[in-house]
Amino acid sequence: MDSATFSSYFLPAVLIIIMFGIGLSLEKKDFRNVILYPKAILIGLTAQMILLPMVAFAIVLLTDLPPVFKVGFILIAASPGGSSANLVNHLLRGNVALCVSLSALNSLLILITLPLIVNLGLMLFLGETHDIHLSVVDTILKIFYTTLIPTFTGVFVRHRNPQFADKLGIPMKYIMPVLLFSVFAALVIFEEKTTSEGVSRYTYLFPYALALNFIGMFIGYLFSSRMGLNKRNNFTISVEVGMQNSALAIYVAGSILGSREMAMVAVVYSSFTFFSTLLFGFLGKRFG
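Now for a look at the structure at hand. Values in this document were obtained by computation on a predicted structure and should not be read as measured data.

The next point concerns helix H13 (residues 273–287). Look at H13: 20 Å from first C-alpha to last across 15 residues, which is about the 21 Å you get at 1.5 Å a residue. When we look at burial in H13, the residues that qualify are Thr273, Phe274, Ser276, Thr277, Phe280, Gly281 and Gly284.

Here we take up the nonpolar core. If you look at the biggest cluster of nonpolar residues, it comprises 90 residues, and the most contacted ones within it are Leu114, Leu212 and Val252. If sequence neighbours within four positions are ignored, Leu212 has contacts with Leu52, Val55, Ala56, Ile59, Phe73, Ile76 and Tyr269.

A surface patch of positive charge is lined by Arg93, Lys173, Lys231, Arg232, Lys285 and Arg286. Of all the secondary-structure elements, those providing two or more residues to the positive patch are helix H10 (231–242) and H13. Considering the arrangement of structural elements, one finds Arg93 in the loop between helix H5 (83–92) and helix H6 (96–126).

Relative orientation of the contacting elements helix H9 (residues 206–226) and H13 amounts to 30°, with a least axis distance of 11 Å. Taken together, H9 and H13 sit at an angle that is classed as roughly parallel. Once H9 is placed against H13, the crossing between them reads as right-handed. Contacts between H9 and H13 involve Leu210, Asn213, Phe214, Met217, Phe218 and Tyr221 from the former and Thr273, Ser276, Thr277, Phe280 and Gly284 from the latter. Each residue belonging to the contact of H9 with H13 can be placed in one class, and the counts come to six nonpolar, five polar and no charged.

Looking now at helix H4 (residues 67–78). In this model H4 runs 17 Å from its N-terminal to its C-terminal C-alpha over twelve residues, within 8% of the 16 Å that 1.5 Å per residue would give. Among the twelve residues of H4, ten are classified as buried, and the element is accordingly described as predominantly covered. For H4, the complete set of buried residues consists of Phe69, Lys70, Val71, Gly72, Phe73, Ile74, Leu75, Ile76, Ala77 and Ala78. Turning to H4, the residues buried within the fold contact helix H3 (39–61), H6, H9, helix H11 (246–256) and helix H12 (260–270).

One pass over the structure, following the stated rule, counts eight aromatic pairs. Between Phe69 and Tyr202, the aromatic rings sit 6.0 Å apart at their centres with planes inclined by 70°, giving edge-to-face as the arrangement. With Phe69 in helix H4 and Tyr202 in the loop between helix H8 (162–193) and H9, this pair connects stretches of sequence that are 133 residues apart. There is no split in this pair, since Phe69 and Tyr202 are both buried. In this structure an aromatic cluster arises from ring pairing among Phe69, Tyr202 and Tyr204.

Parameters and conventions
- All residue numbers refer to positions counted from 1 along the written sequence of the respective chain.
- Local features in this predicted model are restricted to residues of pLDDT 70 or higher, and side-chain atom pairs are both shown and tallied only at a pLDDT of 80 or more, whereas totals for entire chains, interfaces and linings draw on every residue.
- The side-chain quantities take in all heavy atoms of the structure and omit both hydrogens and water.
- Labels follow the DSSP assignment, with helices taken as runs of H or I lasting at least four residues and strands as runs of E lasting at least two, numbered in each case from the N terminus.
- The span expected for a helix works out to 1.5 Å for each residue beyond the first.
- Each residue is placed in one exposure class: buried if its accessible area under a 1.4 Å probe, protein chains only, is under 20% of its type's maximum, exposed if it is over 50%, and partly exposed if it falls in between.
- Nine residue types can take part in a nonpolar core, namely buried Ala, Val, Leu, Ile, Met, Phe, Trp, Tyr and Cys, and a core is a set of them joined through side-chain atoms within 4.5 Å.
- Contacts between residues were defined by any pair of non-hydrogen atoms, one from each residue, lying within 4.5 Å.
- Residues with no salt bridge and a relative accessible area higher than 30% make up the patches, which join like charges within 9 Å and nonpolar side chains (Val, Leu, Ile, Met, Phe, Trp, Tyr) within 5 Å.
- The method behind every accessible area is Shrake-Rupley, applied with a 1.4 Å probe, and residues are considered shielded solely by the protein chains displayed.
- Here a salt bridge means any side-chain nitrogen of Lys or Arg lying within 4 Å of a carboxyl oxygen belonging to Asp or Glu.
- The convention is simple: Lys and Arg are positive, Asp and Glu are negative, and His and the chain ends are not counted.
- By convention, the point assigned to a charge is CZ for Arg, NZ for Lys, CD for Glu and CG for Asp.
- Comment: axis = line fitted to C-alpha atoms, over the contacting stretch for helices; angle = value between 0 and 180 degrees taken between N-to-C directions.
- What sets the label is the angle itself: under 35 degrees gives roughly parallel, over 145 gives roughly antiparallel, 65 to 115 gives roughly perpendicular, and the rest give oblique.
- Here a crossing is taken to be left-handed if its near helix is turned anticlockwise relative to the far helix by less than a right angle, and right-handed if that turn runs clockwise.
- In this classification, Asp, Glu, Lys and Arg are treated as charged, Ala, Val, Leu, Ile, Met, Phe, Trp, Tyr, Cys and Pro as nonpolar, and every other residue, Gly included, as polar.
- Only Phe, Tyr and Trp rings are paired, with Trp represented by its six-membered ring, and only when their centres lie within 6.5 Å; those with planes under 30 degrees apart are stacked, over 60 edge-to-face, the remainder tilted.

Below, the structure is given as structure tokens:
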């Protein structure tokens, strides 16, 4: 499988299966509550789209990283939450309906926010700007066929036949993590093939990526808690903040900005965040 086939077919198929499996555990009332009480959505969007980029700027300003890598960290922080956040919240029994709603809304809003935030980083660290254009139609279609349609198909199956949904949900608990791990592995393998030096050359970025991941989640949890949300919503939002859409960040860095170095930040970030975010979410659920 080459990278084009992976991006065009394998990745969307994996996301559809994962979101369908997540939908099997949800009911219509879960989304109804999110809509009727939008405070959690507003707090989650603020944490994801404002606080996390601020954390990224603060971290890179305190480092002596090359400017191109500093922009790479700004790019990953400006990206939306990924489907992996939905899976982590599903495994932790968080507010999955809230997480799915945040991912969908965030993926739309980044059409405006991502170019603004990334260009601020480009001006600050590289003294330049770049025309970053993401297709509105493609983004909306991608949200519908990889997130909303499979999720609500799962909800519909549970509504019509809860017993069947429960039976189907048992193997899906194991299938979904395996599929997600295969995506992470494929990202690393494809990057290894693009250069003789391999991903290992960039392991020194790991401490900075880990700092962004944990500090971002901690700030998200603290902000949510201070705004009066309950513990379940607190760790749900922190997980959403901790897991970014690395595939989108790699696409923007490589195809639009033409920088492999920026893309490597997203590769390094995605290599461990499933485990670190799962750990943080578990601790937030257990001791928050």
